[in-house]
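Per-entry structural report
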Amino acid sequence: MNIAFSILAGILLLLGFLGTFVPVLPGAPLAWLGILLAFFSDYNEISFVILIVTAVAAVVVSILDNVLPVMLTNKIGGSKAATIGSTIGLVAGFFLGPAGIIAGPFLGALIGELINSNGDFFTSLKSAWGAFLGFVLGTGIKMITVGLFIWIYVRSFF
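The following paragraphs examine the structure supplied in this document. (Residues numbered from 1 in each chain as written. Predicted model: local features only at pLDDT ≥ 70, side-chain atom pairs only at ≥ 80, totals over all residues. Heavy atoms only, no water.)

**Here's the deal with the packing of aromatic side chains**
Summed over the entire model, instances satisfying the criterion amount to eight aromatic pairs. With 5.1 Å between their ring centres and 80° between their planes, tyrosine 153 and phenylalanine 157 make a pair best called edge-to-face. A connected cluster of aromatic rings, assembled from ring pairs, spans Phe39, Phe40 and Phe48. (Phe/Tyr/Trp six-rings, centres within 6.5 Å; stacked < 30°, edge-to-face > 60°.)

Here's what the structure looks like:
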C-alpha cells in the first residue's frame, strides 16, 4: 500500500502541475493531495510541519488565483465582463495550444470589455491588459507553488 500511496502522490502532483494552466483542474489543491498521500507513505519523508505549511500555501494560492485577475482588472478600470471574457478566452485558448493559453485570456477580456463598453477600444484594451496581468500572475504563483510541492516530493525520497 505504501508504494501505491507514493505513486498516486506523484500522479496527483503532475495533475496539479497541469492544473496550474488548465482552468478545470484545481492545481494547488491536487498537488497538496499528492503531498498528503506522500506523507502517509513509508517511501517519502514529509514532516507534519511541511504538510501544514503546504496546505496553507495551497489555500492562499487558490484564493490569490481567483482574486488577482479581478483585482487587477478593477484597479485598471475594467468591468466584470473583462474578467468573464478572460476566463472564456482561457478555456477556448486551451484547445489552441500554448499560444492560445497565453493569448486567449487577453483576447477574451478585450472582447468582453468591448461588448460592455459599447466598442470603446482603448478602455477595453486597458481592461484586457489588467485581466491578462492578473491571469499571468495567478498562473505564475500557482506554477511556482506546485513546482515547490513537486520538489518537496522528490526530495522526500532522499
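**Focus on the pattern of salt bridges**
Once their charged atoms are close, side chains differing in charge can pair, the charge on each being opposite to the other. Inspection of the entire model under this criterion finds one salt bridge. Aspartate 65 serves as the salt-bridge partner of lysine 142, at 3.1 Å between the closest nitrogen and oxygen. Taken together, the residues span a long stretch of sequence, with lysine 142 in helix H6 (residues 121-155) and aspartate 65 in helix H3 (residues 48-76) at a distance of 77 residues. (Salt bridge = Lys/Arg side-chain N within 4 Å of Asp/Glu carboxyl O. Helix = DSSP H or I, 4+ residues; strand = E, 2+ residues; numbered from the N terminus.)

**Considerations on the packing of helix H5 (residues 98-116) against H6**
Remark: H5 packs on H6, axes separated minimally by 8 Å, with the N-to-C direction vectors making an angle of 140°. The angle between the axes of H5 and H6 places the two elements in the oblique class. Once H5 is placed against H6, the crossing between them reads as right-handed. Between H5 and H6, the residues in contact are Ile101, Ile102, Pro105, Phe106, Ala109, Leu110, Glu113 and Leu114 and Phe121, Thr123, Ser124, Leu125, Ser127, Ala128, Trp129, Ala131, Phe132 and Phe135, respectively. Split by residue class, the contact of H5 with H6 holds 14 nonpolar, three polar and one charged. (Axes fitted to C-alpha atoms, helices over the stretch in contact; angles between N-to-C directions. Parallel < 35°, antiparallel > 145°, perpendicular 65-115°, else oblique. Left-handed = near helix turned anticlockwise from the far one by under 90°. Contact = heavy atoms within 4.5 Å. Nonpolar A, V, L, I, M, F, W, Y, C, P; charged D, E, K, R; others polar.)

**Details of H3**
Every α-helical turn comprises 3.6 residues, leaving residues that sit three or four positions apart pointing alike. Along its 29 residues, H3 runs 42 Å from first to last C-alpha, staying within 8% of the 42 Å computed at 1.5 Å per residue. The largest bend along H3 reaches roughly 35° and is located at valine 67, with the proline proline 69 sitting one to four residues downstream. Residues of H3 that are buried include every one of Leu51, Thr54, Ala58, Val61, Leu68, Pro69 and Thr73, and no others. (Expected span 1.5 Å × (residues − 1). Bend = angle between axes of the 7 residues up to and from the residue. Buried < 20%, exposed > 50% of the residue type's maximum accessible area, 1.4 Å probe, protein only.)

**Regarding the layout of surface pockets**
Roughly 440 Å³ of internal volume is contained in the largest pocket. Along the wall of the largest pocket there are 22 residues; nearest its centre are Pro23, Asp65, Asn66, Leu90 and Lys142. Top element by residues in the lining of the largest pocket is H3. It accounts for five residues. Counted by class, the lining of the largest pocket contains eleven nonpolar, nine polar and two charged residues. (1 Å grid on protein atoms, 1.4 Å probe; cavity = no way out; pocket = protein on both sides within 12 Å on 5 of 7 lines; lining within 4 Å. Points joined across faces, edges and corners; volume = space filled by probe spheres on them.)

**Considerations on a nonpolar patch on the surface**
The grouping of Ile3, Ile7, Leu8, Ile11, Leu15, Leu18, Tyr43, Val154, Phe157 and Phe158 at the surface amounts to a nonpolar patch, some 960 Å² of accessible area in total. Here the nonpolar patch takes six residues from helix H1 (residues 2-18), the largest share from any one element. Following the sequence through the fold, leucine 18 ends up in helix H1. A relative accessible area of 34% means that leucine 18 is categorised as partly exposed. (Patch = residues over 30% accessible without salt bridge, like charges linked within 9 Å, V, L, I, M, F, W, Y side chains within 5 Å. Areas by Shrake-Rupley, 256 points an atom, 1.4 Å probe, with all protein chains shown as cover.)

**Thoughts on the environment of glycine 140**
Looking at the element boundaries, glycine 140 is found in helix H6. Residue class for glycine 140 comes out partly exposed when judged on its relative accessible area of 24%. Considering only alpha carbons, one finds glycine 140 and serine 41, 99 residues apart in sequence, at a separation of 29 Å.

**Focus on unusual backbone geometry**
Backbone geometry places asparagine 118, a non-glycine residue, at a positive phi of 60°. Tracing the chain through its elements places asparagine 118 in the loop between H5 and H6.

**Some details on the environment of isoleucine 76**
Within the secondary structure, isoleucine 76 is located in helix H3. On the basis of relative accessibility, which here comes to 23%, the residue isoleucine 76 falls in the partly exposed class. Between the C-alpha atoms of isoleucine 76 and threonine 139, which are 63 residues apart in sequence, the distance is 19 Å. In this structure isoleucine 76 touches Lys126, Ser127, Trp129 and Gly130, once residues within four positions along its chain are discounted.

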